[in-house]
Amino acid sequence: MVVLVTYDVSTLDSSGKRRLRRVAKICLDYGQRVQNSVFELDLDHALWVQCRQKLIDEIDPESDSLRFYRLGNHWREKVEHIGTKPSTDLSGGTLIA
């Protein structure tokens, strides 16, 4: 299942900057960055549950936000990319223009 994860972490203090780095690291551990605070993750259900919980545990819900878009297994039909930064096909390792 492909999930698009987006986040906004407040960086007004050092703890926010630390949370921002940790949230990005968690996302990188499970998928690929497609824009600054946007990641595509291709995970089975168990890994998705694990990743989601790590992200929830990391943020401060009073000042940060997370959004999860579950695109499912037929994600290619739902994503259109125009412009720079080609991304890797999550299922095959090839570049998508």
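Located above this text is the structure these notes cover.
Quick caveat, the model's predicted, so the values are computed rather than measured. (Residues numbered from 1 in each chain as written. Predicted model: local features only at pLDDT ≥ 70, side-chain atom pairs only at ≥ 80, totals over all residues. Heavy atoms only, no water.)

**Student:** Account for the sheet that holds strand β4 (residues 65-72), with residues named and values stated.
**Tutor:** Here we have four strands laid out as an open sheet, ordered β2-β3-β1-β4, and antiparallel in their pairing. Two strands bound the open sheet, and with one partner strand each, they are β2 (31-35) and β4. The sheet shows a mean angle of 25° between the axes of neighbouring strands, taken without regard to direction. Relative to strand β3 (residues 38-42), strand β1 (residues 2-8) is paired through five bridges, and the arrangement is antiparallel. From the neighbouring strand, Val5 faces β3, where its bridge partner is Phe39. In this fold helix α2 (residues 45-58) packs onto β1, β3 and β4, with an angle of close to 165° to the strand it touches most, β4. (Pairing = 2+ DSSP bridges. Helix = DSSP H or I, 4+ residues; strand = E, 2+ residues; numbered from the N terminus. Axes fitted to C-alpha atoms, helices over the stretch in contact; angles between N-to-C directions. Contact = heavy atoms within 4.5 Å.)

**Student:** Please set out the side chain of Glu58 residue by residue, giving values where relevant.
**Tutor:** Counting through the fold element by element, Glu58 comes out in helix α2. Residue Glu58 is classed as buried on the basis of its relative accessible area of 18%. (Buried < 20%, exposed > 50% of the residue type's maximum accessible area, 1.4 Å probe, protein only.)

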